[in-house]
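# Inside the fold
Listed below are the residues making up each chain.
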Amino acid sequence: MQVTLGCLRNAYNMVLQKFGEKLYSGLVTTMTSHLRQISQSIESAQGEIFLEELNRKWVEHNKALLMIRDILMYMDRTFVPSSRKTPVHELGLNLWRDVVIHSNKTQSRLLDTLIDLVLKERNGEVINRGLMRNLIKMLMDLGLSVYQNDFEKHFIEVSKDFYCCESQKFIESCNCGDYLKKAERRLNEEMERVSHYLDPSSESKIIKVVETEMIENHMHTLVHMENSGLVSMFVDDKYEDLERIYNLFRRVPSGLTIVKDVMTSFIRDTGKQLIMDPERLKDPVDFVQRLLDLKDKYDKAITLAFNNDKTFQNALNSAFEYFINLNARSPEFISLFVDDKLRRGLKGVGEEDVEIVLDKVMMLFRYLQEKDMFEKYYKQHLAKRLLSGKTVSDEAERSLIVKLKTECGYQFTSKLEGMFTDMKTSYDMMQGFLACHGAELGDSPTLSVQVLTTGSWPTQSSPQCNLPSEILGVCEKFRSYYLGAHSGRRLSWQANMGNADLKATFGKGQKHELNVSTYQMCVLMLFNNADRLSCKEIEQATAIPMPDLKRCLQSLALVKGKNVLRKEPMSKDIAEDDAFFFNDKFTSKLFKVKIGTVVAQRESEPENIETRQRVEEDRKPQIEAAIVRVMKSRKILEHNNIIAEVTKQLQARFLPNPVVIKKRIESLIEREFLERDKVDRKMYRYLA
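Residues numbered from 1 in each chain as written. Predicted model: local features only at pLDDT ≥ 70, side-chain atom pairs only at ≥ 80, totals over all residues. Heavy atoms only, no water.

## Re the overall build of the chain
When helices and strands are tallied, the chain shows 29 helices and nine strands. Relative to its length of 688 residues, the chain is extended, with a C-alpha radius of gyration of 45 Å against a globular reference of 26 Å. Overall, the C-alpha framework of the chain stretches about 145 × 75 × 50 Å when taken along its three principal axes. At a minimum sequence separation of 6, the contacts of the chain that also span at least 24 residues come to 70%. As displayed, the chain offers around 36,500 Å² of accessible surface, 50% of which is attributable to carbon and sulfur atoms. When the 101 positive and 98 negative side-chain charges of the chain are each reduced to one mean point, those points stand 2 Å apart. (Helix = DSSP H or I, 4+ residues; strand = E, 2+ residues; numbered from the N terminus. Rg over C-alpha atoms; globule rule 2.2 N^0.38 Å. Contact = heavy atoms within 4.5 Å. Areas by Shrake-Rupley, 256 points an atom, 1.4 Å probe, with all protein chains shown as cover. Lys, Arg positive; Asp, Glu negative; His and termini not counted. Charge placed at Lys NZ, Arg CZ, Asp CG, Glu CD.)

## Topic: the packing of helix α9 (residues 144-173) against helix α11 (residues 203-215)
In the contact formed by α9 and α11, the axes pass within 9 Å of each other and the chain directions differ by 20°. Regarding the angle of α9 to α11, the classification is roughly parallel. Here the hand of the crossing between α9 and α11 comes out right-handed. Mapping the contact onto sequence places Q148, E152, F155, I156, S159, K160, Y163, C164, E166, S167 and F170 in α9 and K205, I206, V209, V210, E213 and M214 in α11. Looking at side-chain class alone, the contact of α9 with α11 contains nine nonpolar, three polar and five charged residues. (Axes fitted to C-alpha atoms, helices over the stretch in contact; angles between N-to-C directions. Parallel < 35°, antiparallel > 145°, perpendicular 65-115°, else oblique. Left-handed = near helix turned anticlockwise from the far one by under 90°. Nonpolar A, V, L, I, M, F, W, Y, C, P; charged D, E, K, R; others polar.)

## Regarding helix α21 (residues 394-408)
Look at α21: 21 Å from first C-alpha to last across 15 residues, which is about the 21 Å you get at 1.5 Å a residue. Just downstream of α21 lies G409, where phi reads positive at about 100°. (Expected span 1.5 Å × (residues − 1).)

## Points about the environment of K85
In this fold, K85 is placed in the loop between α5 (79-82) and α6 (88-101). Classification of K85 by relative accessible area gives partly exposed; the value is 28%. Between the C-alpha atom of K85 and that of Y24, which follows or precedes it by 61 residues, the distance is 8.8 Å. Discounting residues that sit within four places of it in the chain, K85 has contacts with E21, Y24, F79 and V80. Among the polar contacts made by the side chain of K85, one reaches the side chain of E21 at a distance of 3.4 Å. (Buried < 20%, exposed > 50% of the residue type's maximum accessible area, 1.4 Å probe, protein only. Polar contact = N/O pair within 3.5 Å; in protein donor to acceptor, adjacent residues only side chain to side chain.)

## Looking at the sheet that holds strand β2 (residues 511-517)
Taken in spatial order, the three strands of this open sheet run β1-β2-β6, and their pairing is mixed. The open sheet terminates on both sides in strands that have one partner only, identified here as β1 (499-505) and β6 (592-594). With direction set aside, neighbouring strand axes in the sheet form an average angle of 25°. Bridge analysis of β1 against β2 gives seven bridges, and the strand direction is antiparallel. Paired with D501 across the strands is N515, a residue of β2. Helix α24 (residues 518-526) rests against β1 and β2 of the sheet, and its axis sits at about 130° to β2. (Pairing = 2+ DSSP bridges.)

## Here's the deal with helix α20 (residues 371-388)
For α20, which comprises 18 residues, the first-to-last C-alpha distance of 26 Å matches the rise-based estimate of 26 Å (1.5 Å per residue) to within 8%. Most of α20 is tucked away: 15 of the 18 residues are buried. Of the residues flanking the end of α20, it is G389, one or two places downstream, whose phi is positive at about 65°.

## Comments concerning the pattern of salt bridges
If you walk through the whole model with that rule in mind, you get 50 salt bridges. Among the salt bridges present, the one from D98 reaches R97, with a minimum N-O distance of 2.9 Å. Since its relative accessible area comes to 22%, R97 is described here as partly exposed. Residues E121 and R193 are paired through a salt bridge, measuring 2.9 Å at the closest nitrogen-oxygen approach. (Salt bridge = Lys/Arg side-chain N within 4 Å of Asp/Glu carboxyl O.)

## Thoughts on unusual backbone geometry
For the peptide bond that leads from E568 to P569, omega is -5°, which places it in the cis range. Relative to the elements of secondary structure, P569 occurs in the loop between β4 (565-568) and β5 (579-582). Residues other than glycine seldom take positive phi values, yet N308 does so here, at roughly 55°. Take N308: it is sitting in the loop between α16 (284-304) and α17 (310-324). A positive phi is found at K635, a non-glycine position, where the angle reads about 70°. Counting through the fold element by element, K635 comes out in the loop between α27 (605-634) and β7 (636-638).

## With respect to the nonpolar core
In summary, soluble globular proteins display a tendency toward joint burial of nonpolar side chains. Of all hydrophobic cores here, the largest spans 138 residues; its most connected members are M75, W96, M138, F151, F249 and F306. Residues within four places of M75 in sequence aside, it is in contact with V15, G20, L23, Y24, L27, V80, P81 and V88. One finds V451, C522, L524 and I544 within the second-largest nonpolar core, a separate group that totals 46 residues. (Core = buried A, V, L, I, M, F, W, Y, C linked by side-chain atoms within 4.5 Å.)

## Concerning the side chain of D199
Its location among the elements puts D199 in the loop between α10 (176-196) and α11. No salt bridge is formed by the buried D199. Its closest oppositely charged neighbour is K205, at 7.8 Å. A polar side-chain atom of D199 sits 2.6 Å from a polar atom in the side chain of S201. In this structure, D199 is in contact with I136, M140, Y147 and V194, ignoring residues within four places of it in sequence.

## Quick word on the packing of helix α28 (residues 639-650) against helix α29 (residues 658-670)
Two numbers describe how α28 lies on α29: the axes approach to 10 Å, and their chain directions differ by 110°. The orientation of α28 with respect to α29, classified from their angle, is roughly perpendicular. For the element pair α28 and α29, the recorded crossing hand is right-handed. Here α28 contributes H639, I642, I643, V646 and T647 to the contact with α29, which in turn contributes P658, I661, K662 and I665. When the residues that make up the contact of α28 with α29 are grouped by side-chain class, the tally is six nonpolar, two polar and one charged.

## Observations regarding the pairing of β1
Of the two faces of β1, only the one carrying A500, L502 and A504 is buried; N499, D501, K503 and T505 on the other face are not. Counting the residues in the hairpin turn of β1 and β2 gives five residues, including K508, whose phi is positive at 60°.

## A few points about the packing of aromatic side chains
Going through the model one piece at a time under the given rule, you end up with 22 aromatic pairs. Each ring, one from F374 and one from Y378, has its centre 5.5 Å from the other, and the planes form 15°; the classification is stacked. On the criterion of helical spacing, the pair formed by F374 and Y378 is a turn pair, its members being four residues apart in helix α20. Note on accessibility: F374 and Y378 belong to one class, buried. The structure contains a cluster of three or more aromatic residues connected by ring pairs, namely F234, Y246, F266, Y298, F306 and F312. Over the ring of F162 we find R122; its NZ or CZ atom is 5.3 Å from the centre of that ring. (Phe/Tyr/Trp six-rings, centres within 6.5 Å; stacked < 30°, edge-to-face > 60°. Lys NZ or Arg CZ within 6 Å of the ring centre and 35° of its normal.)

Limitation: the analysis is restricted to geometry and does not speak to function.
Listed below in structure tokens is the structure:
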């Protein structure tokens, strides 16, 4: 301590007596000479001792520097700033850099040794990380440029070569999943290496090297690897591999775009195969279920592996919208699927599960470009469910209508809601009718009538069939009651939409209750007064249209276990001169026997064409209304702009054909709602 105080006093006095320059230059000379000796000692160290000796001498030098700085504190505060000299501590570091680190023998040897240790660690060997950390910190203490020029720049170059060779070796010997695991492990190793002994500023640079060499340069090869690439991962539900490819590819430019494009292309192709498969189209319910299963599969992948990435969700939605609309019958099939679920498929299912199914249906509905086609079919199927009382749950029915209203607005569901209103009104009407005329009816057939508002229901004008006399009397009583309560209205019986329960007695006194359609009832009751009737005679007696009559007779005579009639000759087809008999030998284990009508679950091609034509007719006034709305607000507009505006307005319900829009424009011009501009024939003007 006394020596230190004496040195401090001597240094102070030298500066005070204007010998600062001599003191400073003496310091430089002495320190340089000392560091040369240290440099020789370090250079003479062999093998692994080289780094240990360098580190030991560096630690000693730092301790000495602190002591020297304290002794020359007064010089450092006064002489050094005024003479624009380098401060003592910084001087000591600079001299260490120039004399020791940048000596001919040490500089390259230090770099090679540090790089070699990193390579050893990459190859699985254990190295002295503490020693590495101290030496890397030494380079940083000597200045960022020293660290970068004497180590980092060469470290990055060597790393590029290393990962270039390694990635090529892996790509030739590994499948996609294994390659990704190795790439992920290398990234983690490099980040760990930075945290243990490299400077944090190196992290982004070395990570960029790994990303470029191991991922970016091999993206296309990886995603298209046969039997292990992206498509195989989707097919085999390899969610861990998918998550890995997502997390790695998101690190590089265009990485996720490549993944998204391959995914989209594959989903489109898969969906297109399903949509166009004639075998799948035979069963609409199974067809839609497969669509839902496909959607669930990719939703799960995006949720579990792709972090619910909106870009991938949008790509999935785009792919489904593409292939679902390739099949013009998709709206019909989705409605048939709903019909199946709400008839029997959701029986005994909890409310939450019902909502899940309905939400999935709505998801497919959103993809439809022809939502009005779905509405047409849905209205028909809902009508049959309501009139036959075959719906699983009124709550489920109303829930779906609420969802449709939320999606498409009040106008879309107003008629559907009107159907439910009619069912409630009809129930109240029947209660009033029975209260008023119940006593008069006596042994007459029990009648239940649903009064359907024209326009709300998908009723079509059908020929009036001849109801049995036993039924006509009750029907007339109801007609009188209803018209008496509602003046100015008309009632038209829709026999093709009703059903009946008949009590029948067969041979040996066996009795059954038959649940049949109104048409079937009319046919069966003819056999109360006749033993044998031809198809032509039945048609004349009932006035049932021949196509409907043939289906009735097929269901009554040709369905095993339901054949309450016999036919001669026995064949599947019905001819006008075929004879029918009451089947006395009919038996069934059930007292109540439901006899359905033989009818295709899906529309036949002619029926489908007819439905489409009706929808096209319904679209015309909607297109014209949209044109008028656009022109009324814009006054004058060019042809292509009208097409664009009208399409935008109507695409929530259907995608209008530009040719059809043009025809409606011509129709509006003929009716003087619009006129063509006299100069520019492609411009149209609204006539107020």
